[in-house]
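# Per-entry structural report
Take a look at the letters that make up each chain.
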Amino acid sequence: MNGGMSPFVIVIFGGTGDLAQHKLFPALFSLFDKGLLGEKFYIVGFARRSFTDEEYRKFLREELCVKGSEVKRWGNFAENIYYQQGYFDEFSGYAQLNKKLDTFDAEAGGDMTHLLYLATPPDKYLSILHNLKESKLARSIRTRLAIEKPFGRDLENARELDKRLSEIFKERQIYRVDHYLAKETVQNVLAFRFANGIFEPVWNKNYLDHVQITFAEKAGIGSRGSFFDGIGIMRDVAQNHLLQLLATITMEQPKSFAREDVRNVRAAAIKAIRSIRPEDVTSQVIRGQYEGYKKESEVAENSMTETFVAMKLFVDTKRFENVPFYIRAGKGMAKNVVKIKLVFKQTCSVLFKEYGCPEIGNVLTIRIQPNEGIGMRVVVKRPPISGAKSQLALGTVDMKFLYKEEFGGHKDVSYEKLLLDIFSGDQTLFNRSDELESSWSLISQIMEGWKNQNDSEKFVLPTYKIGSWGSQEANVLIEKDGRKWI
Ligand code: BG6
């Protein structure tokens, strides 16, 4: 241990949930392994189930599938894990938690940093905030609050959450989480764009035909029915991760990497996305549900929740005037892939028309995951087939940078980065309210359009086969513009 981090407590509200199991505890365990958690720390899971500390540690060990050489290290790590049973909307659990924190503070010999981490579905946030206030759990300026995406259900709810937050915490104590901002490959987009002078000059409407962003996951919703149903992919992924990916492409160069400089350009990028009027939703937004979704556990049998969404967006800046952004996200898709494609205007036909130009010319692909990397498709002359009469022919090839070849691989450490940033007080990679206000205002208006669609008797929510690329209508969305998903 390097003992670098000061003593701290993390309380994870939703301590038995999916996020705690799949993201937070693995990140904390890994930081512990790297000696980055310091000498003294306490992790408290807060959830409904009744567990002793020991039972909770065992539950986590099993859920995280700790085995082999990890078991001993896990044992050392788990000594720092505690459990507090409580209901999010009942005061008593919070009062007990408060006492527990007093004991920890006394044991550690002073006020520690307390991180209250809201890792529950968003419909619990207001109750939790209410009880945090009542129980005075936000006890000092050393308390920090992390709140997961989706930050609310809609614009109104997000505003209310912000109001409540500001009654309890100062802005510098609040960390609104979107872990895509902390992904190495997402941060690299900024380095790629602004550290290489050759891309900026072509990063605009004069050269770009359009941009595609795909966020596809093979898995369905698995055991997350109670979280996902009624939330849907739009709130789960599009309002946050997908729009943030778009912002990395469209933002202007920040003045510096200082916190507010970066947040300013990000917020401006989200604000510049043109809103879609409810009456235009049908032509610009497609949704779908994978076949069999309604049979998933804890999903309503008549559920209208979308597991797929595709949209055509525009960004109202001089740089991107009228450049369409086709973006899509889905569960139960053909592949696990998150990628951004910048498709450049085809110019090859000026000189090479008679020799046949490839249908699509230059494409810059940024692979966020897996096979992380960046590739550039270029048009080349194909060598003649030996012996045949030589005739000029063109083809495309890919020039590629792969993390695994250059850096020996890539492990997603976004949650580790976020946790370290919270403890060091760096809010750069966390959402500011104005970003969320803009993203929710776009999404809420679309949802308004969906509500109107749902009310019309004619509307049937499109379905798609598991393992496909989502609703057929998403192809129509792009093909009617003479383009196609790549
Ligand atoms: C989460 C969503 O925010 O991101 C999940 O709630 C999604 O539905 C996940 O699966 C994807 O994150 P990652 O880091 O695994 O790509």
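Predicted model only: the values in this text are computed from it and were never measured. (Residues numbered from 1 in each chain as written. Predicted model: local features only at pLDDT ≥ 70, side-chain atom pairs only at ≥ 80, totals over all residues. Heavy atoms only, no water.)

### Thoughts on the sheet that holds strand E2 (residues 41–47)
The strand order across the open sheet formed by six strands is E3-E2-E1-E4-E5-E6, and the pairing between neighbours is parallel. The sheet terminates laterally at strand E3 (81–85) and strand E6 (174–176), the two strands that pair on one side only. Each strand axis lies, on average, 20 degrees off the axis of its neighbour in the sheet, ignoring direction. Relative to strand E4 (residues 113–118), strand E1 (residues 8–13) runs parallel, the two being bridged by six bridges. For Ile 10, the partnering residue across the bridge sits in E4 and is Leu 115. Seen against the sheet, helix H1 (residues 18–33) touches E1, E2, E3 and E4 and runs at an angle of roughly 165 degrees to E1. Contacting E1, E4 and strand E5 (143–147), helix H5 (residues 125–134) crosses the sheet at an angle of about 155 degrees to E4. (Pairing = 2+ DSSP bridges. Helix = DSSP H or I, 4+ residues; strand = E, 2+ residues; numbered from the N terminus. Axes fitted to C-alpha atoms, helices over the stretch in contact; angles between N-to-C directions. Contact = heavy atoms within 4.5 Å.)

### Regarding the sheet that holds strand E9 (residues 308–313)
With respect to topology, nine strands assemble into an open sheet ordered E14-E13-E12-E11-E7-E10-E9-E8-E15, the strand pairing being mixed. With partners counted over all chains shown, the strands left at the sheet margins are strand E14 (394–402) and strand E15 (463–464), one partner each. The pairing of strand E8 (residues 285–290) with E15 spans two bridges and is classified as parallel. By the bridge assignment for E15, Tyr 290 is matched with Tyr 464. Relative to strand E10 (residues 325–330), helix H9 (residues 232–250) is tilted by about 145 degrees, and along the sheet it contacts strand E7 (208–216), E9, E10, strand E11 (337–344) and strand E12 (363–369).

### Considering the nonpolar core
By size, the foremost hydrophobic cluster in this structure holds 105 residues, and its most contacted members are Phe 13, Leu 132, Phe 325 and Leu 342. It is H9 that provides the largest number of residues to this core, a total of ten residues. Residue-level mapping places this core at the junction of two domains, with at least three residues from each of domain 1 (8–148) and domain 2 (181–479). Filtering out sequence-adjacent residues up to four positions away, Leu 342 remains in contact with Trp 203, Leu 208, His 210, Val 211, Ile 249, Asn 362, Val 363, Leu 364 and Ile 366. Listed in part, the 42 residues of the second largest apolar core include Phe 8, Phe 25, Phe 77 and Tyr 175. (Core = buried A, V, L, I, M, F, W, Y, C linked by side-chain atoms within 4.5 Å. Buried < 20%, exposed > 50% of the residue type's maximum accessible area, 1.4 Å probe, protein only. Domains from an automatic or database assignment.)

### Focus: the pairing of E3
Each regular strand displays side chains that alternate between the two surfaces of the sheet. Most of E3 is tucked away, with four of its five residues classed as buried. Relative to E3, E2 is paired through five bridges, and the arrangement is parallel. From the neighbouring strand, Val 44 faces E3, where its bridge partner is Tyr 82.

### Quick notes on H5
Residues three or four positions apart in an α-helix share a direction because the helix packs 3.6 residues into each turn. The complete set of buried residues in H5 reads Tyr 125, Ile 128, Leu 129, Asn 131 and Leu 132. All buried residues of H5 project into a common sector of 165 degrees when viewed along the axis, lining one side. Against E1, helix H4 (91–108), E4, E5 and helix H6 (155–168) lie the buried residues of H5. After H5 finishes, the residue Lys 136 shows a positive phi value of roughly 55 degrees. (Arc of directions from axis to C-beta.)

### As for the side chain of Ser 444
Note on placement: Ser 444 falls in helix H15 (residues 433–455). If we ignore the near neighbours within four places in the chain, the residues touching Ser 444 are Asp 154 and Leu 155.

### So, the domain arrangement of the protein chain
Note: interface size is frequently given as the accessible area lost on complex formation between the parts. With domains assigned, the protein chain is organised as domain 1 (8–148) and domain 2 (181–479). Each of domain 1 and domain 2 was reduced to a C-alpha centroid, and the two centroids are 33 Å apart. Facing 20 residues of domain 1, the contacting portion of domain 2 comprises 13 residues. Summed over both partners, the interface of domain 1 with domain 2 buries about 1300 Å², with 75% contributed by carbon and sulfur atoms. Remark: the boundary between domain 1 and domain 2 carries two salt bridges. Its salt-bridge partner being Asp 18, residue Arg 224 comes within 3.4 Å of it at the nearest N-O pair. Our count for the domain 1 to domain 2 interface comes out at six residue pairs in polar contact (both at pLDDT 80 or more). Listing elements by their share of the side of domain 1 that touches domain 2, those giving two or more residues are E1, H1, E4 and E5. In terms of residue count, the dominant contributor to the side of domain 1 that touches domain 2 is H1 (eight residues). (Buried area = accessible area lost by both parts, 1.4 Å probe. Salt bridge = Lys/Arg side-chain N within 4 Å of Asp/Glu carboxyl O. Polar contact = N/O pair within 3.5 Å; in protein donor to acceptor, adjacent residues only side chain to side chain.)

### Some details on the packing of helix H7 (residues 184–195) against H9
With their axes 9 Å apart at the nearest point, H7 and H9 run at an angle of 10 degrees to one another. Overall, the two elements H7 and H9 adopt an arrangement that is roughly parallel. Contacts from Val 186, Val 189, Leu 190 and Arg 193 in H7 reach Leu 245, Thr 248, Ile 249 and Thr 250 in H9. Split into classes, the residues belonging to the contact of H7 with H9 amount to five nonpolar, two polar and one charged. (Parallel < 35°, antiparallel > 145°, perpendicular 65-115°, else oblique. Nonpolar A, V, L, I, M, F, W, Y, C, P; charged D, E, K, R; others polar.)

### Considering the layout of surface pockets
As a volume, the second largest pocket reaches approximately 350 Å³. Forming the walls of the second largest pocket are 16 residues, and the residues nearest its centre are Arg 235, Met 447, Glu 448, Trp 450 and Lys 451. At six residues, H15 tops the list of elements feeding residues into the lining of the second largest pocket. Of the residues that constitute the lining of the second largest pocket, the class distribution is four nonpolar, four polar and eight charged. (1 Å grid on protein atoms, 1.4 Å probe; cavity = no way out; pocket = protein on both sides within 12 Å on 5 of 7 lines; lining within 4 Å. Points joined across faces, edges and corners; volume = space filled by probe spheres on them.)

### Description of the pattern of salt bridges
Evaluated as defined, the whole model comprises 36 salt bridges. Arg 319 is paired through a salt bridge with Glu 200; the nearest N and O atoms lie 3.0 Å apart. Placement of the pair is Arg 319 in the loop between E9 and E10 and Glu 200 in the loop between H7 and E7, with a sequence separation of 119 residues. For Arg 319, a relative accessible area of 15% gives the class buried.

### Some thoughts on the state of the cysteines
Linking two cysteines covalently via their sulfur atoms produces the bond known as a disulfide. If you walk through the whole model with that rule in mind, you get one disulfide. For Cys 348, the disulfide goes to Cys 357, at an S-S distance of 2.1 Å. What sets the handedness of the Cys 348 and Cys 357 disulfide is the S-S torsion sign, and at about -100 degrees it is left-handed. In this structure Cys 348 comes out as buried when scored by relative accessible area, which is 11%. Of the residues examined, Cys 357 reaches a relative accessible area of 25% and is grouped as partly exposed. (Disulfide = S-S within 2.5 Å.)

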